[in-house]
Amino acid sequence: VVAEVDEMLRRVIGEDVQLTLTLAADAGKVRVDAGQLTQILMNLAANARDAMPDGGRLIVETAPVELDEAYAAAHAGVAPGPYVLVTVTDTGIGMSRETIARVFEPFFTTKGEKGTGLGLPTVYGIVRQSGGHLEIYSEPGLGAAFKIYLPRVEAPPETGVASASDSRGAVARGTESVLLVEDDLALREMTSEVLQDAGYAVTAAATPDEALAAVARGLAPDLLVTDVVMPGMKGPELARRIHALRPGARIVFMSGYTAGTMLDRGMLPEGSVFVEKPFTSERLLRAIRKALEE
Ligand SMILES: Nc1ncnc2c1ncn2[C@@H]1O[C@H](COP(=O)(O)OP(=O)(O)OP(=O)(O)O)[C@@H](O)[C@H]1O
Ligand SMILES: [Mg+2]
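We now examine the nonpolar core. Nonpolar side chains in soluble globular proteins tend to be buried together. Of all hydrophobic cores here, the largest spans 36 residues; its most connected members are Ile40, Leu41, Leu44, Leu58, Val60, Phe146 and Ile148. For this core, the leading source of residues is helix H2 (residues 34–51), giving 8 residues. Non-local contacts of Phe146, meaning those with residues more than four positions away in its chain, are made with Leu44, Val86, Thr87, Val88, Met95, Leu120, Leu134, Glu135 and Ile136. Within the second largest apolar cluster, 21 residues are counted, among which are Val194, Tyr200, Val275 and Leu292.

The phi dihedral of Phe107 falls on the positive side, at around 75°, and the residue is not glycine. Residue position: Phe107 is located in the loop between helix H4 (97–102) and helix H5 (119–129). With relative accessibility at 62%, the residue Phe107 sits in the exposed group.

Attention now moves to the environment of Phe146. Structurally, Phe146 is set in strand E6 (residues 144–153). Accessibility expressed as a relative area gives 6% for Phe146, which makes it buried. Through-space distance from the C-alpha of Phe146 to that of Thr87 is 5.6 Å; in sequence the pair is 59 residues apart.

As a further point, take the site of ligand 1. Lining the immediate surroundings of ligand 1 are 21 residues, of which Asp90, Thr109, Thr110, Lys111 and Thr116 lie closest. Residue Gly119 places a main-chain N or O atom 3.4 Å away from an oxygen atom belonging to ligand 1. Of all the secondary structure elements, the ones that give two or more residues to the shell around ligand 1 are H2, H5 and E6. For the shell around ligand 1, the element with the highest residue contribution is H5, accounting for 3 residues. The residue inventory of the shell around ligand 1, partitioned by class, reads 9 nonpolar, 9 polar and 3 charged.

So, on to the packing of aromatic side chains. In this description, an aromatic ring pair is defined by two values, namely the gap between the centres and the angle between the planes. If you walk through the whole model with that rule in mind, you get 3 aromatic pairs. Ring plane angle 55° and centroid distance 5.9 Å describe the contact between Tyr71 and Tyr149, whose orientation is recorded as tilted. Pair noted here: Tyr71 is in helix H3 (residues 69–74) and Tyr149 is in strand E6, with a separation of 78 residues, a long-range link. Taking 4.8 Å as the distance between ring centres and 35° as the angle between the ring planes, the aromatic pair formed by Phe104 and Tyr124 counts as tilted. Highlighted residues: Phe104 in the loop between H4 and H5 and Tyr124 in helix H5, separated in sequence by 20 residues. Take Tyr124: its relative accessible area is 36%, and that puts it in the partly exposed class.

On to the confidence of the model for the protein chain, then. Note that predicted coordinates carrying low pLDDT should not be read in detail. Of the residues in the protein chain, 90% reach a pLDDT of 70 or more, and the chain-wide mean stands at 87. When pLDDT is averaged over each helix and strand of the protein chain, the minimum, 39, is found for helix H6 (residues 162–166) and the maximum, 96, for strand E7 (residues 177–181).

Tallied over the full model, the rule gives 12 salt bridges. Notably, a salt bridge pairs Arg289 with Glu176, separated by 3.0 Å at the nearest N-O pair. A residue pair is termed long-range when its members are at least 10 positions apart, and Arg289 in helix H11 (residues 281–293) and Glu176 in the loop between H6 and E7 qualify at 113 residues. Assessed through its relative accessible area of 14%, Arg289 is described here as buried. The partner of Glu237 in a salt bridge is Arg240, and the shortest N-O contact between them spans 3.5 Å. A residue pair is termed a helical-turn pair when its members lie 3 or 4 positions apart in one helix, as Glu237 and Arg240 do in helix H9 (residues 235–245) at 3 residues. Taken together, the salt bridges that share partners define one network made up of Arg49, Asp50 and Lys111.

The rules behind these values
- Residues numbered from 1 in each chain as written.
- Chains lettered and ligands numbered in written order.
- Predicted model: local features only at pLDDT ≥ 70, side-chain atom pairs only at ≥ 80, totals over all residues.
- Heavy atoms only, no water.
- Core = buried A, V, L, I, M, F, W, Y, C linked by side-chain atoms within 4.5 Å.
- Buried < 20%, exposed > 50% of the residue type's maximum accessible area, 1.4 Å probe, protein only.
- Helix = DSSP H or I, 4+ residues; strand = E, 2+ residues; numbered from the N terminus.
- Contact = heavy atoms within 4.5 Å.
- Near = heavy atom within 4 Å.
- Polar contact = N/O pair within 3.5 Å; in protein donor to acceptor, adjacent residues only side chain to side chain.
- Nonpolar A, V, L, I, M, F, W, Y, C, P; charged D, E, K, R; others polar.
- Phe/Tyr/Trp six-rings, centres within 6.5 Å; stacked < 30°, edge-to-face > 60°.
- pLDDT = per-residue confidence, 0-100.
- Salt bridge = Lys/Arg side-chain N within 4 Å of Asp/Glu carboxyl O.

The structure is reproduced here in structure tokens:
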């Protein structure tokens, strides 16, 4: 998963941050939802980017480790045994002790209007649901390292979806048909998986033209979920054309730009629902229910 999200991570961190992946060939197996692991990495990468406004380095490492009795005794809720360690390190502004103590509080942010403070609580939730454990090492001015310990399993991961659906008890589910348009392959696949897991019938398109062709062929989506900025045709233009073919379709826009920026620039039709990238599955699923139920 780490190797596969490589390109997506690079996109999140931008050109001024250098990404290094150091992946152990023998790290071992874990039983974790791939979409959720991707979310963890995206959230940590977004935070690293924010902590390095003038550029720097982001290093992602994997390694097999054993946590012993002594370690378990010193860390509440940790069972001793074999783990796969995923470490995400940046060379950014770092954090004070006071900040570290609060980062898992929902809505805690030092970014003012720009942050929702839900990134790390989401990461923490996923790690705990996966039976894992997370530690932060950071000091002001000296970067930050996030260490995620996921329990190593010996058997090949089961193909059943029990654990994935168990861990998603609270998500906003639905069965409507969704047309997803996203040019970034990794993000398209991840989003598609999240929507399918939540019960939706998903058709994914890489370009606006592909999406329009599917609707022209008879696809009747209840909802269009589309990127705003795509090569060729922009999201709002695509929305207008889809509406012409299927007037009842609801719209959710996704973008790395903030809603404020988009509305200021008059890019989004009024009343459309907007989710800012990178988003958590929960945030996306809530936006979708909002669009469908309005
Ligand atoms: N790599 C990091 N370097 C320095 N500070 C960090 C780092 N990661 C997180 N923080 C601090 O932790 C706070 C909480 O992070 P979290 O990801 O939960 O929220 P956010 O990034 O502020 O907002 P959101 O992720 O919802 O957009 C941040 O506001 C920041 O102060
Ligand atoms: Mg964040």
